[in-house]
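Observations on the model geometry
In case you want the letters, here they are:
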Amino acid sequence: MHTTTHKKANRKKMRRYLPIYFMALPALIYIFINNYIPMGGMVIAFKNYKFNKGIWGSDWAGFKNFEFLFRTKDAWLITRNTLLYNLAFIVLDTVIAIALAILLNEIRSKRCKKFYQTVLLLPYLLSMVIVSYLVYGFLSPDQGFVNKTILSSLGLQGQNWYAKPEIWPFLIVFVHLWVIVGYNSVIYLSTLVGIDKSYYEAADVDGATMWQKIRYITLPNLKPTVITLCLLSIGRIFYSDFGLFYQVPLNSGTLYDVTSTIDTYVYRGLMQSSNVSMSSAAGVYQSLVGFVLVLFANWVVNKISKENALF
Amino acid sequence: MKRTNRNFRIGCHIVLILVSLIILIPFLLLLSSSFTEEQTLIAKGYSILPREISLEAYRYLFGGAGNIVRAYGITFLVTAIGTSAGLLMTVLLAYALSVKDLPFRKLISFLVFFTMLFNGGLIPTYMMYTNVFHIKNTLAALIVPSLMVNAFFVIIARSFFETNIPKEVVEAGRIDGCGEIRIFFKVVMPMSLPIMATIGLMIGLGYWNNWTNGLYYITDKNLFSVQQLLTEMVKNMQALQSGELAGMDPSTVQNLPSTSLRMATAVVSVIPVMLIYPIFQKYFVKGIAVGAVKG
């Protein structure tokens, strides 16, 4: 008796929820295809991939592809580049974005504030292709602003900047900051606006200086946002913005030593040297280490301040 | 005391004006170059203010150059289809996941969230789309891969529905005998316009600016999006520089996009983004706040 009513209730519940599952279905099918099937496709890294045999028909290769990958000096190079650039990005993004947010927050005139904010967010809306055009406007060997206007007015010889690896680490970092810092500072600003004004009033009564207020009120209040953003970046530390490293240096071969990251390596393996097995090994290396790093970063945050953890 | 505050504020303005200049000058350079007469451009290079104003590049762009107009058409089409389909799928899933007592809700949420932490990577994705679904050189290649449903947007929309749609409203709909789907479209959606605008704009921007799908899956010039066309133009200018085209037929080299035309194409590709920017900013800054808090 009891079980039949229970079943009936359950069936009724399912019937009620059927339309809701139906609503969820299109996106779930999409996520299954776009995200989950490729996870299964990662076995390709453990195969000796032959185009005519397909992924499942190709022979197993065990860890051979990984062995080959880590024996090349590319493996070290792309890992080093990806990690070092990301570390530089995390530190500089945070420091500069917070500084800009604090400055923005001091602006009293509504119109000025709106203007600065509008300009700061602008680069975030551009594609990396457009950014590469902007950079090219300055660095083009023949018509670039740097060669044709700045250097020639100083009587100096123009340079082929796209063949000078020594300047690109700085350029890449600068371009990254140019694109992202405004966006991050708006995030920090939205936290700053929420800080209770009475803290500052109390500090004023106590005669606190500008710097003391920043040090003891502003920064501690920003901590949760800083942790969240840094956590997200650390989780992505094995990934790079493909466009920044591929489009902005115009895929210039002389710059590969300083512009190759795991993402550009995987892409070039797929498209150019058609060395699919090794670059898919690099892809799996990226996915796995990246995953471990997210879990690790989240675990650390769970230890120090639980409420800021992502999951 | 007052004095230091005032000096500090002036300092703030100075720094922010400098930063604004650093951001705006590259745009000026691009804009001026697109309006500069071709020969002047070749002789004197790109400049922050135009030297010899000429509309030649724009006349050419909107007039004869068929592939550029076509590329805009493709980009508009792809953005329109992708954004409406993607937005609809995203909010429907998000709404389903916001129904508190839905069986398997936790499991489904986790499977969606997990895609943010782990992915198969480019090569398996590429293999699947080309070998199983055969989307190479089809319009679907620009619409389907990676851009349609993003787990992050699903989570943002879900938390919006959870906090902003009162249970009573949905219950009232049920008592009136409305089906769940009708409730969503008639009751929930009209209350959710801000979040739909935010997510729609983000998805749309993603489609408009995307160049990777074209790079991976499209070789047919008839299907080039604006971004891919711009990428190809870059490749051509590189090829010219490195002398790879030295042995090429002179007429082909002559037909390569001229310097100012390249810049004009880039300018025109940014214009739609600038047009929606005011709306974007209104919803986007709110969206950022939601996103940052929720992670």
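**Brief notes about the overall build of chain A**
- The secondary structure content of chain A amounts to 14 helices and 2 strands.
- Its C-alpha atoms give chain A a radius of gyration of 26 Å, more than 25% over the compact-globule value 19 Å for 311 residues.
- For chain A, the spread of C-alpha atoms along the three principal axes comes to 80 × 60 × 35 Å.
- Expressed as a percentage of the 311 residues in chain A, the buried residues total 38%.
- A fraction of 66% describes how many contacts in chain A between residues 6 or more apart in sequence connect residues 24 or more apart.

**Points about the environment of A:Ile227**
Residues and elements named next belong to chain A.
- Positionally, isoleucine 227 belongs in helix H10 (residues 210-235).
- Sequence-wise, isoleucine 227 and valine 95 are 132 residues apart; in three dimensions their C-alpha atoms are separated by 13 Å.
- Each residue touching isoleucine 227, except ones within four places of it in the same chain, is listed here: Val301, Ser305 and Asn308.

**Let's talk about the nonpolar core**
- With 142 residues, the main nonpolar core has A:Val131, B:Leu92, B:Leu93, B:Val154 and B:Ala157 as its most contacted residues.
- Counting residues per element, this core draws most heavily on helix H4 (residues 66-98) of chain B, at 13 residues.
- Apart from the residues lying within four places of it in its own chain, the contact partners of B:Val154 are B:Thr90, B:Leu93, B:Ala94, B:Val112 and B:Val149.

**Description of the environment of B:Ser98**
Residues and elements named next belong to chain B.
- By the secondary structure assignment, serine 98 is in helix H4.
- Note on serine 98: 22 C-beta atoms within 10 Å, which makes it buried.
- For the pair serine 98 and alanine 157, spaced 59 residues apart in sequence, the C-alpha to C-alpha distance is 8.9 Å.
- Sequence-distant contacts of serine 98, that is, excluding residues within four places in its chain, are made with Arg158, Phe161 and Glu162.

**Thoughts on the domain arrangement of chain B**
All names here are of chain B.
- The domains assigned to chain B are domain 1 (2-44) and domain 2 (65-294).
- Each partner contributes to the interface: domain 1 provides 8 residues, whereas domain 2 provides 7 residues.
- Mapped by element, the contributors of at least two residues to the side of domain 1 that touches domain 2 are helix H1 (2-34) and helix H2 (38-44).
- Tallying contributions element by element places H1 first for the side of domain 1 that touches domain 2, with 4 residues.

**Describing helix H6 (residues 122-132) of chain B**
All names here are of chain B.
- Burial runs high along H6: 8 of the 11 residues are buried.
- All of the buried residues in H6 are Leu122, Ile123, Pro124, Thr125, Tyr126, Met127, Met128 and Tyr129.
- Once H6 ends, the next one or two residues include histidine 134, with phi positive near 50 degrees.

Each value, and the rule that gives it
- Residues numbered from 1 in each chain as written.
- Chains lettered and ligands numbered in written order.
- Predicted model: local features only at pLDDT ≥ 70, side-chain atom pairs only at ≥ 80, totals over all residues.
- Helix = DSSP H or I, 4+ residues; strand = E, 2+ residues; numbered from the N terminus.
- Rg over C-alpha atoms; globule rule 2.2 N^0.38 Å.
- Buried ≥ 20, exposed ≤ 12 C-beta atoms within 10 Å, placed from the backbone.
- Contact = placed C-beta atoms within 7 Å.
- Core = buried A, V, L, I, M, F, W, Y, C linked by C-beta atoms within 7 Å.
- Domains from an automatic or database assignment.

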